[in-house]
Every structure is written in C-alpha cells, then in structure tokens.
Amino acid sequence: NDDVDSEKNSAGDDIIIPIKNIMNESYCRELSKKLRNQFQIQRKRGEFLGAFVCYGYRKSSEDKHKLVIDEYAAEIVRGIFSMKIKGYSQDQIADFLNKEKVLTPAEYKKSIGLKYQCGFQGSSQTKWTAVTVSRILKNPIYIGTLIQGKRGTPNYKIKKMRVRDKSEWVVVEDNHPSIIDARIFSVVQNLLERDTRR
C-alpha cells in the first residue's frame, strides 16, 4: 500500500519502514485491548459470546446474545438428570441413549443446520459416552448460570488458547431460563462426588 519495494530501497525507506512498523504494532495492541474490554463488559452483562450454545439451548432469534430453551434437547437433558437421580451410572445412561438412537449433542447441532465440528470425532457418527453425559450433569448452565471466559489467549500475538484461572472467569447467575431445578442439580452433584461404580 505504501509503494515499498524491498529490491529498490530508497534512502528514505530505511528510516520510514521501522517507524511505520512501530505505529502498526501500537495500533494492533490498542485495538486488541479495546476488543478485550468490550467482550468483558458483554460477558458481565450476561450476553452469550460463543459460536455454539450448550446442548439444550439455542440463540434467541431476536437477540443472538440471549439464550432460550430448545425444547427437544432440553427434554433429553431432563431425562439424563432424572436417570442419574434414579441411580443410573453415566455409562448406563449413555448406553440407554445410544439404544434409543438419540442424537448426540454434536450430531443434533449438525441436524438443525449448524456447521459444528467436534475435535474428538473419530467415526462418521458419534455415540453417547459417559464423558458426554458427565459434562451435561456437571454444567451449571442448566440452572441458569452462565460461565464465560474460561479459555483465551494471553495477548493478540499468541494464538494458542489456554485455560484461565477461575478468578478470571465471568459468572452470571439467573442469566437465562433454567432447564433443571437448582435442588435437583445440587443432588446430582452430590451423587457425582460419590463412588457409584458398583
């Protein structure tokens, strides 16, 4: 854009190019700070900033930063919590869902037209696993608590994501409609802490 040719350096280019590089670097740094601050403000207001929502919810058609209940998936989530309270293990719940041919969260997102890709997918169609069930059972989003900012990059130069300290997470309670009652969620957390392998 500045008509700089590295083969035909003029005397002025030797001075101006490093200065422009410093200015561009400063601009990138300031822009990154402003964006990070804006995202933090939105998180604290309870606005959802992710590309894909958790299983059981969808983005509101009026406001993409608000979560609304997806009734089909929410019914599956309620069933998972109900089975856990009745004494089923995560493996048994996963086996039941696979037997009933219930679509996994990843497959369900694809079925409703979202361009969702899972990094753990090994076969053409995923199956329910104990890990997937555990993630649902432990996720406080189902009682209306939105937690954001768990992962991020240290600065604009480093692209590798890292897990942030819990003190940096943004937690907003009663942020959206709950699928699971808080008491049921609490009972399930107590069950998960016990050894239920027998």
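Basis of the calculations
- Residues numbered from 1 in each chain as written.
- Predicted model: local features only at pLDDT ≥ 70, side-chain atom pairs only at ≥ 80, totals over all residues.
- Heavy atoms only, no water.
- Salt bridge = Lys/Arg side-chain N within 4 Å of Asp/Glu carboxyl O.
- Helix = DSSP H or I, 4+ residues; strand = E, 2+ residues; numbered from the N terminus.
- Buried < 20%, exposed > 50% of the residue type's maximum accessible area, 1.4 Å probe, protein only.
- Axes fitted to C-alpha atoms, helices over the stretch in contact; angles between N-to-C directions.
- Parallel < 35°, antiparallel > 145°, perpendicular 65-115°, else oblique.
- Left-handed = near helix turned anticlockwise from the far one by under 90°.
- Contact = heavy atoms within 4.5 Å.

### A word on the pattern of salt bridges
Any two side chains of opposite charge can pair, given that their charged atoms come close. All told, the structure shown has six salt bridges when counted by the stated rule. Close ionic contact of R78 with E75 constitutes a salt bridge, the shortest N to O distance being 3.0 Å. Note that R78 and E75 are positioned in helix 2 (residues 71-85) at a spacing of three residues, about one turn of the helix. Residue classification places E75 among the partly exposed positions, given a relative accessible area of 48%. Residues R183 and D181 are paired through a salt bridge, measuring 3.2 Å at the closest nitrogen-oxygen approach. Residue classification places R183 among the exposed positions, given a relative accessible area of 67%. Each of E71, E75 and R78 takes part in salt bridges that share partners, so that together they form one network.

### Observations concerning the packing of helix 2 against helix 3 (residues 90-99)
Where helix 2 meets helix 3, the axes come as close as 10 Å, and the angle between the chain directions of the two elements is 140°. Relative to helix 3, helix 2 is oriented oblique. Our pair here, helix 2 against helix 3, has a crossing hand that is right-handed. Residues I76, I80, M83 and K84 of helix 2 pack against Q90, I93, F96 and L97 of helix 3.

### Focus on the environment of K66
The residue K66 is located in the loop between strand 1 (57-59) and strand 2 (67-69) in this model. Setting aside its immediate chain neighbours within four residues, K66 contacts G46, R58, K59 and S60.

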